[in-house]
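# Remarks on the overall topology
Listed here are the chains, written in short residue letters.
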Amino acid sequence: TTTPGADRQAVQAAIRAAVPAEVFVYSGADALAGVASALDQVTAVISTIAWIVVVVSAITLLNTLMLSVLDRRREIGVLRAMGADRRFTFTAVLAEAAGIGVVGGLLGLFIGIAIQYLVSIALTNVLSIDVVWRVSPAVLVISLGALGICLLGSVLPAARAARLSIIAAVGVD
């Protein structure tokens, strides 16, 4: 911090002259630019990892729902024999996926907001700059996107359940 009207370049040069050569002297803007650059790199890595998690989660959900449909073939066949149509079966599997998506989305939302809050406190203490915590509207968009991916991953198992033959499904051991 300099007094108003002081020549910042001259102050920085005087500080450089007063300290040993191995000590780095940065202005506030230079230090902020360095921290921002490091945070941009960390954000890029975290974003890449997040997309990998999204893809793996979608595949896992697809696998889980497909196994659920295979395990419940007999029940699906009985429902169909009692009068449930293909649309009901399709909707039932989609509803199961929506339930998984809503519960997982809410858990992820609350845990993510808590982690973001704690990281903002930690960064404020470590970096000695104020890192402001606020909930972004993008959180809602990301939550809806997660639910959409969940439903998208359930279309194939739902279609498979809807196509099951009643006779073949009831005959499963």
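Up top is the structure these notes are about.
Everything in this summary refers to the structure shown in the same document. Computed from a predicted model, the values in this text were never measured in an experiment.

Procedures and definitions
- Residues numbered from 1 in each chain as written.
- Predicted model: local features only at pLDDT ≥ 70, side-chain atom pairs only at ≥ 80, totals over all residues.
- Heavy atoms only, no water.
- 1 Å grid on protein atoms, 1.4 Å probe; cavity = no way out; pocket = protein on both sides within 12 Å on 5 of 7 lines; lining within 4 Å.
- Points joined across faces, edges and corners; volume = space filled by probe spheres on them.
- Nonpolar A, V, L, I, M, F, W, Y, C, P; charged D, E, K, R; others polar.
- Helix = DSSP H or I, 4+ residues; strand = E, 2+ residues; numbered from the N terminus.
- Axes fitted to C-alpha atoms, helices over the stretch in contact; angles between N-to-C directions.
- Parallel < 35°, antiparallel > 145°, perpendicular 65-115°, else oblique.
- Left-handed = near helix turned anticlockwise from the far one by under 90°.
- Contact = heavy atoms within 4.5 Å.
- Phe/Tyr/Trp six-rings, centres within 6.5 Å; stacked < 30°, edge-to-face > 60°.
- Buried < 20%, exposed > 50% of the residue type's maximum accessible area, 1.4 Å probe, protein only.

## Let's talk about the layout of surface pockets
- Here the largest pocket is characterised by a volume of approximately 1,900 Å³.
- Looking at the largest pocket, it is lined by 46 residues, and the ones nearest its centre are Ile46, Ala50, Gly108, Gly112 and Ile142.
- Taken together, the residues that form the lining of the largest pocket break down as 31 nonpolar, 13 polar and two charged.
- Roughly 280 Å³ of volume is contained in the second largest pocket.
- Looking at the lining of the second largest pocket, the elements that each hand over two or more residues are helix 1 (8–18) and helix 2 (28–71).
- The leading source of residues in the lining of the second largest pocket is helix 1, at five residues.
- Here the lining of the second largest pocket is composed, by residue class, of five nonpolar, six polar and one charged.

## A short note on the packing of helix 2 against helix 6 (residues 155–163)
- The geometry of helix 2 relative to helix 6 is characterised by a closest axis approach of 8 Å and an angle of 15 degrees between their N-to-C directions. Here helix 6 runs roughly parallel to helix 2, going by the angle between their axes. Two packed elements cross with a definite hand, and for helix 2 against helix 6 that hand is right-handed. Two secondary-structure elements touch here, helix 2 through Leu62, Leu65, Met66, Val69 and Leu70 and helix 6 through Leu156, Pro157, Arg160 and Ala161.
- Partitioning the contact of helix 2 with helix 6 into residue classes produces eight nonpolar, no polar and one charged.

## Brief notes about the packing of helix 2 against helix 4 (residues 86–127)
- In the contact formed by helix 2 and helix 4, the axes pass within 13 Å of each other and the chain directions differ by 160 degrees. On the basis of the axis angle, helix 2 is roughly antiparallel to helix 4. Seen along the crossing, helix 2 lies across helix 4 with a hand that is right-handed. Contacts between helix 2 and helix 4 involve Val35, Leu39, Leu61, Leu65, Ser68 and Val69 from the former and Val93, Glu96, Ala97, Ile100, Leu123 and Leu127 from the latter.
- Counted by class, the contact of helix 2 with helix 4 contains 10 nonpolar, one polar and one charged residues.

## Here's the deal with the packing of aromatic side chains
- Applying the stated rule across the entire model yields two aromatic pairs.
- Ring centres 6.1 Å apart and planes at 15 degrees place the aromatic pair Phe24 and Tyr26 in the stacked group.
- Residue classification places Tyr26 among the exposed positions, given a relative accessible area of 54%.
- Between Tyr117 and Trp133 the ring centres are 5.2 Å apart and the planes differ by 80 degrees, which places this aromatic pair in the edge-to-face class. With a gap of 16 residues between them, Tyr117 in helix 4 and Trp133 in the loop between helix 4 and helix 5 (138–153) connect regions that are remote in the sequence.

Shape is all these values report; function is a separate question.
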